[in-house]
There are 2 protein chains.
Amino acid sequence: KTTTISDGSRVVCELSRNRKVAVKKFKGKVFVDVREFWSKDGEDLPSKKGISLPLEQWEMLREHIEDVREVIASFT
Amino acid sequence: KTTTISDGSRVVCELSRNRKVAVKKFKGKVFVDVREFWSKDGEDLPSKKGISLPLEQWEMLREHIEDVREVIASFT
């Protein structure tokens, strides 16, 4: 169901035309990558713009979703 | 309750010693920033390593949390 791209990432969703949430395994560890990719010869290649979160950091982000919502609300 | 840093971001949580989830307003729009910061003279400054998500991209990421979980599970 999910697409796999050239660096072995599996794309979970596209946040914009070239920005994706992807999951990859690197040196035996799983990372959640929120990153911009660029297209070369029909292949998606990772750009430097983005961040790779090791699983524990992804979990921590998940646990703070509600806090993010509160801070957003305080800004708007 | 939250800390505000030099670029006006409000820190929601620290994913690691220098990696933070922060919310900022820029040109009237709110962004969720997942980024590494570096410390200079006691101040936290944003590095290039990271990504700023406009609200609609943050919401999209939130909506795909369960899909991320499934892809992670397929890797482990």
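The structure this text deals with has already been given above.
Here we summarise the structure given alongside this text. (Residues numbered from 1 in each chain as written. Chains lettered and ligands numbered in written order. Predicted model: local features only at pLDDT ≥ 70, side-chain atom pairs only at ≥ 80, totals over all residues. Heavy atoms only, no water.)

So, on to the overall build of chain A. Of the regular secondary structure elements, chain A holds two helices and five strands. Of the regular secondary structure in chain A, the N- to C-terminal order runs β-β-β-β-β-α-α. Principal-axis analysis of the C-alpha atoms gives chain A an extent of 45 × 30 × 25 Å. Taking all 76 residues of chain A together, the buried fraction comes to 46%. Restricting to contacts in chain A with at least 6 residues of sequence separation, those with at least 24 account for 14%. About 4,300 Å² of surface is accessible on chain A, with carbon and sulfur atoms providing 50% of the total. (Helix = DSSP H or I, 4+ residues; strand = E, 2+ residues; numbered from the N terminus. Buried < 20%, exposed > 50% of the residue type's maximum accessible area, 1.4 Å probe, protein only. Contact = heavy atoms within 4.5 Å. Areas by Shrake-Rupley, 256 points an atom, 1.4 Å probe, with all protein chains shown as cover.)

Moving on to the packing of helix H1 (residues 55-63) of chain A against helix H2 (residues 65-75) of chain B. Relative to each other, H1 of chain A and H2 of chain B sit at 160°, their axes nearing to 12 Å. It follows that H1 of chain A is roughly antiparallel to H2 of chain B by the angle criterion. Between H1 of chain A and H2 of chain B lies a crossing of left-handed hand. Together, Leu 55, Trp 58 and Arg 62 of chain A of H1 of chain A and Ile 65, Val 68, Arg 69 and Ile 72 of chain B of H2 of chain B make up the contact between the two elements. Split by residue class, the contact of H1 of chain A with H2 of chain B holds five nonpolar, no polar and two charged. (Axes fitted to C-alpha atoms, helices over the stretch in contact; angles between N-to-C directions. Parallel < 35°, antiparallel > 145°, perpendicular 65-115°, else oblique. Left-handed = near helix turned anticlockwise from the far one by under 90°. Nonpolar A, V, L, I, M, F, W, Y, C, P; charged D, E, K, R; others polar.)

Moving on: helix H1 (residues 55-63) of chain B. Residues and elements named next belong to chain B. Those residues of H1 not exposed but buried are Gln 57, Trp 58 and Leu 61. The buried side chains of H1 occupy one side of the element, clustering within an arc of 105° when seen end-on. With respect to the buried face of H1, the exposed residues turned more than 90 degrees away are Glu 56 and Glu 63. (Arc of directions from axis to C-beta.)

The subject of this paragraph is the nonpolar core. Grouped together as the largest cluster of nonpolar side chains are 34 residues, with contacts concentrated most on Val 23, Trp 58 and Leu 61 of chain A together with Val 23, Trp 58 and Leu 61 of chain B. Once residues lying within four places of it in the same chain are set aside, the contact partners of Leu 61 of chain B are Leu 15, Val 21, Val 34, Trp 58 and Leu 61 of chain A together with Leu 53 of chain B. (Core = buried A, V, L, I, M, F, W, Y, C linked by side-chain atoms within 4.5 Å.)

Below, the discussion takes up the interface of chain B and chain A. Interface size is commonly expressed as the accessible area that is lost once the parts come together. At the interface, 41 residues of chain B touch 41 residues of chain A. Both faces considered, chain B and chain A share a buried interface measuring about 3,500 Å² in area, 74% of it formed by carbon and sulfur atoms. One can count zero salt bridges joining chain B with chain A. Where chain B packs against chain A, one counts nine residue pairs in polar contact (both at pLDDT 80 or more). At the level of secondary structure, the elements contributing two or more residues to the side of chain B that touches chain A comprise strand E2 (10-14), strand E3 (19-26), strand E4 (29-40), strand E5 (43-54), H1 and H2 of chain B. It is H2 of chain B that provides the largest number of residues to the side of chain B that touches chain A, a total of eight residues. Looking at the side of chain B that touches chain A residue by residue, the class counts come to 20 nonpolar, nine polar and 12 charged. (Buried area = accessible area lost by both parts, 1.4 Å probe. Salt bridge = Lys/Arg side-chain N within 4 Å of Asp/Glu carboxyl O. Polar contact = N/O pair within 3.5 Å; in protein donor to acceptor, adjacent residues only side chain to side chain.)

On their own, these measurements won't tell you what the molecule is for.
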